[in-house]
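Here are the chains, one letter per residue:
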Amino acid sequence: MKVIIASDHAGLELRRELVSVLQELRAEVHDVGPTTTASVDYPDFAKTVCKAVAAGEYQYGVLVCGTGIGMSITANKYRGIRAALCTSEFEARMTRAHNDANVLCLGQRVVGAGLARSIVEAFVATPFEGGRHQKRLDKIREAESESGR
C-alpha cells in the first residue's frame, strides 16, 4: 500500500505520529511536509496530495490540519478525490466501505493520537463494498463531469 501524507503547521505533530503508524502497517509512506510549525497554507499541501492520489501514484492520501475541515473542503475540489473528514473509527470504516474514500482528513485539535491511530487503521483496512454503492460513486463521477471538475 502506498500512502502520501501532508499537513499544515497546525497538524504537523499528529502527521508525524501517523507516518509511524502507517509504516507499522507496512505502508510505503511519502511525507510531503511541512517540516516546521511556521505558518503555511493548507490548500498547497492538499493540492500536492490530491493530485498524486488522483493520478494513481498513491492508493491513499492523509491530510491533517487543526480541525481537518479546511483540508477536506480543499481536497474535495479535485476530480477523482473522495475525501472524508473522520472523527471516529466508524466513520473511517463507513467512508471506505460505502464511498470508496481515497483521502482521509483529520484534525489534530479534534482527535488525539490514540484515536487518530485507530481511525487510520480502520481506514486502510476497510475495503470498498461495491454493489449498490458503486452506482452512487458513478453518480459522483457524473457530478464531477457536469461541474467541470
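About the criteria used
- Residues numbered from 1 in each chain as written.
- Predicted model: local features only at pLDDT ≥ 70, side-chain atom pairs only at ≥ 80, totals over all residues.
- Heavy atoms only, no water.
- Pairing = 2+ DSSP bridges.
- Helix = DSSP H or I, 4+ residues; strand = E, 2+ residues; numbered from the N terminus.
- Axes fitted to C-alpha atoms, helices over the stretch in contact; angles between N-to-C directions.
- Patch = residues over 30% accessible without salt bridge, like charges linked within 9 Å, V, L, I, M, F, W, Y side chains within 5 Å.
- Areas by Shrake-Rupley, 256 points an atom, 1.4 Å probe, with all protein chains shown as cover.
- Salt bridge = Lys/Arg side-chain N within 4 Å of Asp/Glu carboxyl O.
- Lys, Arg positive; Asp, Glu negative; His and termini not counted.
- Charge placed at Lys NZ, Arg CZ, Asp CG, Glu CD.
- Buried < 20%, exposed > 50% of the residue type's maximum accessible area, 1.4 Å probe, protein only.
- Right-handed = clockwise from strand over helix to strand, strands pointing away.
- Polar contact = N/O pair within 3.5 Å; in protein donor to acceptor, adjacent residues only side chain to side chain.
- Contact = heavy atoms within 4.5 Å.
- Parallel < 35°, antiparallel > 145°, perpendicular 65-115°, else oblique.
- Left-handed = near helix turned anticlockwise from the far one by under 90°.
- UniProt positions renumbered as here; feature names shortened; annotations may be inferred.

### Quick look at the sheet that holds strand β1 (residues 2-7)
Stage number 1. An order of β2-β1-β3-β5-β4 is seen for the 5 strands of this open sheet, with the pairing classed as parallel. The open sheet is flanked by β2 (28-31) and β4 (83-85), the only strands paired with a single partner. Within the sheet, the average angular offset between the axes of one strand and its neighbour, ignoring direction, is 20°.

### Section: a positive patch on the surface
Stage number 1. Taken together, R132, K135, R136 and K139 make up a surface patch of like positive charges.
Stage number 2. Among the structural elements, K139 can be located in helix α6 (residues 132-146).
Stage number 3. Taking relative accessible area as the criterion, K139 reaches 56% and is therefore assigned exposed.

### Remarks on the pairing of β1
For a regular strand, side chains alternate in direction, first toward one face of the sheet and then toward the other.
Stage number 1. Counting buried positions over the 6 residues of β1 gives 5, a clear majority of the element.
Stage number 2. Taken together, the 4 bridges between β1 and β2 define a ladder with parallel strand orientation. Among the inter-strand pairings, I4 is bridged to a residue of β2, identified as H30.
Stage number 3. Tracing the backbone out of β1, into helix α1 (residues 12-24) and back to the parallel element β2 gives a crossover that is right-handed.
Stage number 4. As defined by bridge partners, β1 adjoins strand β3 (residues 60-65) across 5 bridges and the pair is classed as parallel.

### Examining the side chain of D8
Stage number 1. The topology assignment puts D8 in the loop between β1 and α1.
Stage number 2. Notably, D8 is buried but unbridged: the nearest opposite-charge side chain belongs to R109, and the N-O separation is 6.9 Å.
Stage number 3. A distance of 2.9 Å separates a polar atom in the side chain of D8 from the backbone nitrogen of A10.
Stage number 4. Once residues lying within four places of it in the same chain are set aside, the contact partners of D8 are P34, V40, Y42, V64, C65, G66 and M71.

### Topic: the packing of helix α4 (residues 89-99) against helix α5 (residues 113-125)
Stage number 1. Where α4 contacts α5, the axes come no closer than 8 Å and their chain directions differ by 20°. Judged by the angle between their axes, α4 and α5 are roughly parallel. The handedness of the crossing between α4 and α5 comes out as right-handed. Mapping the contact onto sequence places E89, A92, R93, T95 and R96 in α4 and S118, I119, A122 and F123 in α5.

### What about the UniProt feature "active site" (unreviewed entry) in the protein?
Stage number 1. Mapped onto the present numbering, the UniProt feature "active site" (unreviewed entry) falls at C65 and H98. Across 34 residues in sequence, these annotated residues place their C-alpha atoms as far as 24.6 Å from one another, rather than forming a single compact spot.
Stage number 2. By the element assignment, C65 lies in strand β3.
Stage number 3. Overall, the relative accessible area of 4% leaves C65 in the buried class.
Stage number 4. C65 has contacts with D8, A10, G11, G70, M71, L106, G107 and Q108, leaving out every residue within four places of it along the chain.
Stage number 5. By the secondary structure assignment, H98 is in helix α4.
Stage number 6. Judged by relative accessible area, which is 25%, H98 ranks as partly exposed.

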